[in-house]
4 protein chains.
Amino acid sequence: MKIYFPSLPPKPELKKILYTVIFKTDTPAGKNFDIALLVTIVFSVLLAMLESVRSLQNFRNLFRILEWIITVLFTIEYVLRIYCSPNKRKYIFSFYGIIDLLAILPSFLGILFSTTRYLSIVRSLRLLRIFRIFKLSHFVKESDHLADSLKRSFSKILLFSYFIIIMVTILGSIMYMVEGNVNPSFSNIPESIYWAIVTITTVGYGDITPITFTGQLISSMVMLLGYSIIAVPSGIFTAEMIRPLRKKNIICDNCGNKEHDKDAKYCKQCGASLPDTKNKQKT
Amino acid sequence: MKIYFPSLPPKPELKKILYTVIFKTDTPAGKNFDIALLVTIVFSVLLAMLESVRSLQNFRNLFRILEWIITVLFTIEYVLRIYCSPNKRKYIFSFYGIIDLLAILPSFLGILFSTTRYLSIVRSLRLLRIFRIFKLSHFVKESDHLADSLKRSFSKILLFSYFIIIMVTILGSIMYMVEGNVNPSFSNIPESIYWAIVTITTVGYGDITPITFTGQLISSMVMLLGYSIIAVPSGIFTAEMIRPLRKKNIICDNCGNKEHDKDAKYCKQCGASLPDTKNKQKT
Amino acid sequence: MKIYFPSLPPKPELKKILYTVIFKTDTPAGKNFDIALLVTIVFSVLLAMLESVRSLQNFRNLFRILEWIITVLFTIEYVLRIYCSPNKRKYIFSFYGIIDLLAILPSFLGILFSTTRYLSIVRSLRLLRIFRIFKLSHFVKESDHLADSLKRSFSKILLFSYFIIIMVTILGSIMYMVEGNVNPSFSNIPESIYWAIVTITTVGYGDITPITFTGQLISSMVMLLGYSIIAVPSGIFTAEMIRPLRKKNIICDNCGNKEHDKDAKYCKQCGASLPDTKNKQKT
Amino acid sequence: MKIYFPSLPPKPELKKILYTVIFKTDTPAGKNFDIALLVTIVFSVLLAMLESVRSLQNFRNLFRILEWIITVLFTIEYVLRIYCSPNKRKYIFSFYGIIDLLAILPSFLGILFSTTRYLSIVRSLRLLRIFRIFKLSHFVKESDHLADSLKRSFSKILLFSYFIIIMVTILGSIMYMVEGNVNPSFSNIPESIYWAIVTITTVGYGDITPITFTGQLISSMVMLLGYSIIAVPSGIFTAEMIRPLRKKNIICDNCGNKEHDKDAKYCKQCGASLPDTKNKQKT
């Protein structure tokens, strides 16, 4: 953990150096700081896991002390991040700012409510910071493409989930009527809807299974349905993944339309000749 | 629930106002009515669920009373819909008209046959009406595209299901012959076919599992088969999802280019105006 | 079951009429015959299923008698098919010819070996004949496209299965070493390989599950692997499904190359001008 | 097993002949050698499997003797491979060289540590050599295409797995907090994370299942999530599978058309000969 610790410079200088170390991943100091951070996060998540294991109960005190040390470190880091941030408000309400807060909050809340302590594991979300370290690498571009495709397919998949939820509600209720009287597993409609979700998603725990002939017949149809419609999110997402391979960002000088085929010469919207794109070949 | 309740106007006026409130989702009154409706539906579905939970049996009478109130409200709404509809016949036999009827029927049938009462949960289908509320939004277009792709891939997926059903019939029978004598789970052919469906769809409840070596060998092959052919509905649907992103058969009068986007107005090859295609919309 | 039964004509005539009725699905007589056949097959398959159900044991004799009647009918049909077929050898060794034989064989073998009797259910394969009835319809074309894509992706999926089998062999053996001593479910390597297949295909019966920490860790990796590589058959098949939407059957007059893009004007192999395809637009 | 055994020729000759037999799969002698090798590998893997089966314990000594014979044969083969290899270093550290060593190592290590003996099953990896036998066939090209697509989608799928792992860590911890106190199955966080992986990958063993209402609600959401994001690896891989079917960046010197198939020699737009692309092969 090679963290720069220069002899304290005048105050405005200190702020600047801190900013470089904490926020600038493209400097050696910043990179080292971020790697040290990641190692600490992984270590901290492992601690929370081990603490929950009964056979290691003897070491529980050790785990707690270590966790508190890490929590204090993270708290100091959080305060420093706010301190040296040029735009404090922006950092606090940014994606990473909220995660940084969530990473320390559960430990403090854990003093009051013992169970919430394990929520400290949400600090594993801080591991997403790994993308900042490899900021300039090939990885981010791919991650961007993935995220982009996911975003565009999100509303369609949400729509699909809405249908699924209506469907499992009805299927679960039907199964409750069919199996409810003879099968103690189908004890009520929410339980039966849970069964329908377990079945249609092809998870199939087997904790609730039909025992009547009609129940098994309906189940079979639910399974075949689930097996077929698994195609829907696949189709939606694949279509989005492929799209950027097809359309290219040619902007029409005349009407501003941006969606053109790779080989288009004239704007399909206004008929104007498209700018030559031989130089911007790489997409 | 801000529903317009103007002081009763002369009769033909009343009918018109009712029509606006109930059917016109693009007016403020209509939108409010529809949102109130959706909230009532969700509430009603939750009621039916809670009624089935044994630990809440004390409140059962309350649930029933509330459900009857909702059923009466839905019945009034259904009568009003017929009353104010300009084309009564068309509404009654429309998709939503049938669902509206199905939403109230089970409660009345429930007086005669106690179990059918839970069928009132089919009123959750009324939640599909949500698409009418967001009628003008981006969502409907996506929903249309999805529905369109599903419709076109439907016959192919049906064909695929037909093969699957023939296959599981044979596989189930073979497993019955192999396991039937030693494994009480494979007690008859329908049960074994049920097992084959559970396995080939990768649901895998585990309520029926092979115990002989031959049985496990056959199962393994069934699993690998199911794991591979899950690709089939995915492939079918993805192909359909991608198609509309490709092209529509518009032929350029000038240069004969036939590959144009659905929304293209000018030929991308020569810039000529494309013929109007509003009449040949259906592909 | 309106089957034509004309008063016996002179022999060569009889053969011709029989041929029309049995083989020609596009004549009314042929269509009726085929529909009657399908109904009989479904009925026969249902019989075999019911016969295996213990609670219906009282009717077993009835089921057997009915099944024998159907077997005799199928045998007569098979003999007649050979008799009236213009090319007997070709029919006997054709796909449907073999299925027709398989449909009657198990019943006769069942006299000798009681268990094989249930194999009579392979006559459900005769249901594939349904495609002949709807021969001229839209369905066959789609079925052809599906079958074509499956055929082309078959060798790739086989290759993939070969890898999977090598993988599960190794994974199963590793799990046997890890779990074998403490977990009676992993009693030997074949059993452990069976577990690996159940897991990697995401079927997950749960009849064999890891109990050690290392075992669960390895299982988790196997699951994530299986969850990821399910993409492989999907990708292979989807690519094949999409292909015909792209390539078009233009044959180069010069070199015979058949793989050209939809919009190709010159052969990519020899540079010769491609024949005009405006008239063969529909693929 | 027709292996060439010529009467010993002078030493340098022997080396050459050995090289031909062992490494050259395109000669008859080489092909026969490789087929004999594959048969031996399959036999050896089966032996290791059978040895682990308790009911065949009586034959265990036989199995061990046979396995040692095969191990000795493989060792001789390995030594000969090194001996006759023109570039010994290159062979030893090649993919197949390492596998060949791994195939004999566990047996020798098994003398010291009894459990590692079963690792000898890694010799099933040698079955990958099958691709060398069918080197010139159609299969390799398809295998190459598959491997290529896998390689390119690997980093994206790794990224996806990274997200999944962060997600299951958090989901598992939440479930531990929800179910931990009432459900002995969720005994600690690692166990709960294992449950989350079993659920999100739709494997669904059912060895650990939620019993509280909140637990089942969260599970349902995890299942729907897993059912939806199975689309992600599919989309990634399908996009890669389709890409090579599309185009390669060859620019026509004559008309500038850039969309050509991988194997195109002449421009499809103007018929001009395309520039040689053998040097820019890697995309």
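Residues numbered from 1 in each chain as written. Chains lettered and ligands numbered in written order. Predicted model: local features only at pLDDT ≥ 70, side-chain atom pairs only at ≥ 80, totals over all residues. Heavy atoms only, no water.

- Looking up chain A in an unreviewed UniProt entry gives the name Ion transporter, with the organism given as Coprobacter tertius.

## Here's the deal with the overall build of chain A
Reasoning step 1: Regarding its fold elements, chain A presents ten helices and two strands.
Reasoning step 2: Each helix (α) and strand (β) of chain A, taken in turn from the N terminus, gives the series α-α-α-α-α-α-α-α-α-α-β-β.
Reasoning step 3: Relative to its 283 residues, chain A shows a buried fraction of 52%.
Reasoning step 4: Long-range contacts, defined here as pairs at least 24 residues apart, represent 54% of the contacts in chain A between residues at least 6 apart.
Reasoning step 5: For chain A, the exposed surface amounts to about 13800 Å²; the carbon and sulfur share of it is 67%. (Helix = DSSP H or I, 4+ residues; strand = E, 2+ residues; numbered from the N terminus. Buried < 20%, exposed > 50% of the residue type's maximum accessible area, 1.4 Å probe, protein only. Contact = heavy atoms within 4.5 Å. Areas by Shrake-Rupley, 256 points an atom, 1.4 Å probe, with all protein chains shown as cover.)

## What to know about the relation of the copies chain D and chain A
Reasoning step 1: When chain D is fitted to chain A, the best match, at an RMSD of 0.0 Å, comes from turning it 90 degrees and sliding it 0.0 Å along the axis. What the rotation and shift describe, once combined, is the action of a four-fold rotation axis.
Reasoning step 2: Mapped onto chain A, only 20% of the interface residues of chain D again fall at the interface, so the copies present different surfaces. (Least-squares fit on C-alpha atoms with pLDDT ≥ 70 in both.)

## Thoughts on the interface of chain D and chain A
Reasoning step 1: Each side of the interface is counted separately: chain D has 50 residues, and chain A has 56 residues.
Reasoning step 2: The contact between chain D and chain A buries some 4500 Å² in all, and 71% of this surface belongs to carbon and sulfur atoms.
Reasoning step 3: On the chain D side of the interface with chain A, the three residues burying the most area are L159, M223 and Y227 of chain D, jointly 15% of the side's total.
Reasoning step 4: Counting residues per element, the side of chain D that touches chain A draws most heavily on helix α7 (residues 138-179) of chain D, at twelve residues.
Reasoning step 5: When its residues are assigned to classes, the side of chain D that touches chain A shows 26 nonpolar, 19 polar and five charged. (Buried area = accessible area lost by both parts, 1.4 Å probe. Nonpolar A, V, L, I, M, F, W, Y, C, P; charged D, E, K, R; others polar.)

## Regarding helix α9 (residues 213-229) of chain B
An α-helix turns once per 3.6 residues; consequently, residues spaced three or four apart project the same way.
Residue and element names in this part refer to chain B.
Reasoning step 1: Taking 1.5 Å of rise per residue, 17 residues should cover 24 Å, and α9 covers 24 Å from first to last C-alpha, within 8% of that figure.
Reasoning step 2: Counted residue by residue, α9 has twelve buried out of 17 residues, so it is predominantly covered.
Reasoning step 3: Within the span of α9, buried status applies to G215, Q216, I218, S219, S220, V222, M223, L224, G226, Y227, S228 and I229.
Reasoning step 4: Sitting at the head of α9, T212 places a side-chain oxygen 2.9 Å from the backbone nitrogen of G215. (Expected span 1.5 Å × (residues − 1). Polar contact = N/O pair within 3.5 Å; in protein donor to acceptor, adjacent residues only side chain to side chain.)

## A look at the confidence of the model for chain A
Residues and elements named next belong to chain A.
Reasoning step 1: Mean pLDDT over chain A: 80, with 76% of residues reaching 70 or higher.
Reasoning step 2: Averaged over each element, pLDDT in chain A is lowest for strand β1 (residues 248-249) (54) and highest for helix α8 (residues 189-200) (94).
Reasoning step 3: Within the model, pLDDT remains below 50 along residues 278-283, and this stretch shows five contacts once partners closer than five positions in the same chain are excluded.
Reasoning step 4: Interface scoring of the predicted complex returns ipTM 0.80; its pTM is 0.83. (pLDDT = per-residue confidence, 0-100.)

## Considering the pattern of salt bridges
Residues and elements named next belong to chain A.
Reasoning step 1: Under the defined criterion, the tally for this structure stands at 30 salt bridges over all chains.
Reasoning step 2: Taking the shortest distance from any N to any O, the salt bridge between R64 and E51 comes out at 3.1 Å. Of this pair, R64 sits in helix α3 (residues 60-84) while E51 sits in helix α2 (residues 28-51), and the two are 13 residues apart along the sequence.
Reasoning step 3: Classification of E51 as buried rests on a relative accessible area of 2%. (Salt bridge = Lys/Arg side-chain N within 4 Å of Asp/Glu carboxyl O.)

## Examining unusual backbone geometry
Reasoning step 1: Within the chain, T202 of chain B stands out as a residue other than glycine whose phi angle is a positive 60 degrees.
Reasoning step 2: Assessed through its relative accessible area of 1%, T202 of chain B is described here as buried.

## Observations regarding the packing of aromatic side chains
Reasoning step 1: Counted under the stated rule, the structure contains 32 aromatic pairs over all chains.
Reasoning step 2: For the pair W68 of chain D and F108 of chain D, a centre-to-centre distance of 5.6 Å together with 65 degrees between the ring planes defines the contact as edge-to-face. Taken together, the residues span a long stretch of sequence, with W68 of chain D in helix α3 (residues 60-84) and F108 of chain D in helix α5 (residues 95-112) at a distance of 40 residues.
Reasoning step 3: Judged by its relative accessible area of 36%, F108 of chain D falls in the partly exposed class.
Reasoning step 4: The structure contains a cluster of three or more aromatic residues connected by ring pairs, namely Y19, F23, Y78 and Y91 of chain A. (Phe/Tyr/Trp six-rings, centres within 6.5 Å; stacked < 30°, edge-to-face > 60°.)

## So, the UniProt feature "transmembrane region" (unreviewed entry) in chain A
Residues and elements named next belong to chain A.
Reasoning step 1: UniProt records the feature "transmembrane region" (unreviewed entry) at residues 35-53, 65-83, 95-119, 157-178 and 217-239, using the numbering of this structure.
Reasoning step 2: As annotated, residues 65-83 comprises 100% helix and 0% strand, and the C-alpha atoms at either end are separated by 27 Å.
Reasoning step 3: Along residues 217-239 the backbone is 96% helical and 0% strand, and the end-to-end C-alpha distance reaches 34 Å. (UniProt positions renumbered as here; feature names shortened; annotations may be inferred.)

## Considering the packing of α3 of chain A against helix α5 (residues 95-112) of chain A
All names here are of chain A.
Reasoning step 1: Axis separation between α3 and α5 bottoms out at 10 Å; the angle between their running directions is 140 degrees. By the angle class used here, α3 and α5 are oblique. For the element pair α3 and α5, the recorded crossing hand is left-handed. For the pair formed by α3 and α5, the contact residues are E67, W68, T71, F74, T75, Y78 and R81 on the first element and G97, D100, L101, I104, S107, F108 and I111 on the second.
Reasoning step 2: For the contact of α3 with α5, the residue count by class is seven nonpolar, four polar and three charged. (Axes fitted to C-alpha atoms, helices over the stretch in contact; angles between N-to-C directions. Parallel < 35°, antiparallel > 145°, perpendicular 65-115°, else oblique. Left-handed = near helix turned anticlockwise from the far one by under 90°.)

## What about helix α3 (residues 60-84) of chain C?
Reasoning step 1: Over its 25 residues, α3 of chain C runs 36 Å from end to end, which matches the ideal 36 Å to within 8%, given 1.5 Å per residue.
Reasoning step 2: Along α3 of chain C, the positions that sit buried rather than exposed are R60, F63, E67, I70, T71, F74, E77, Y78, R81 and C84 of chain C.

## Things to note about the side chain of S85 of chain D
Reasoning step 1: By the secondary structure assignment, S85 of chain D is in the loop between α3 and α4 (88-92).
Reasoning step 2: Sequence-distant contacts of S85 of chain D, defined by excluding residues within four places in its chain, comprise F23 and Y91 of chain D.

## What to know about the side chain of R81 of chain D
Residues and elements named next belong to chain D.
Reasoning step 1: By secondary structure assignment, the location of R81 is in helix α3.
Reasoning step 2: Taking the relative accessible area as the measure of exposure, R81 reaches 1% and is therefore buried.
Reasoning step 3: Within polar-contact distance, the side chain of R81 engages the side chain of E77 at 2.6 Å.
Reasoning step 4: Excluding residues within four positions of it along the chain, R81 makes contact with I22, F23, F33, L37, Y91, D100, R126 and R129.

## Considerations on the packing of α8 of chain A against helix α9 (residues 213-229) of chain D
Helix packing for two helices is described by the angle between their axes and how far apart those axes are.
Reasoning step 1: The geometry of α8 of chain A relative to α9 of chain D is characterised by a closest axis approach of 9 Å and an angle of 25 degrees between their N-to-C directions. One way to sum up the angle between α8 of chain A and α9 of chain D is to call them roughly parallel. Where α8 of chain A crosses over α9 of chain D, the handedness of that crossing is left-handed. Here α8 of chain A contributes P190, E191, Y194, I197, V198 and I200 of chain A to the contact with α9 of chain D, which in turn contributes F213, Q216, S219, S220, M223, L224 and Y227 of chain D.
Reasoning step 2: Here the contact of α8 of chain A with α9 of chain D is composed, by residue class, of nine nonpolar, three polar and one charged.

## Focus on the environment of P233 of chain B
Reasoning step 1: Here P233 of chain B shows up in helix α10 (residues 231-246).
Reasoning step 2: Measuring from C-alpha to C-alpha, the distance between P233 of chain B and L119 of chain B comes to 31 Å, with 114 residues separating the pair along the chain.
Reasoning step 3: Residues in contact with P233 of chain B, not counting those within four places in the same chain, are Y227, S228 and A231 of chain A together with I157 and F160 of chain B.

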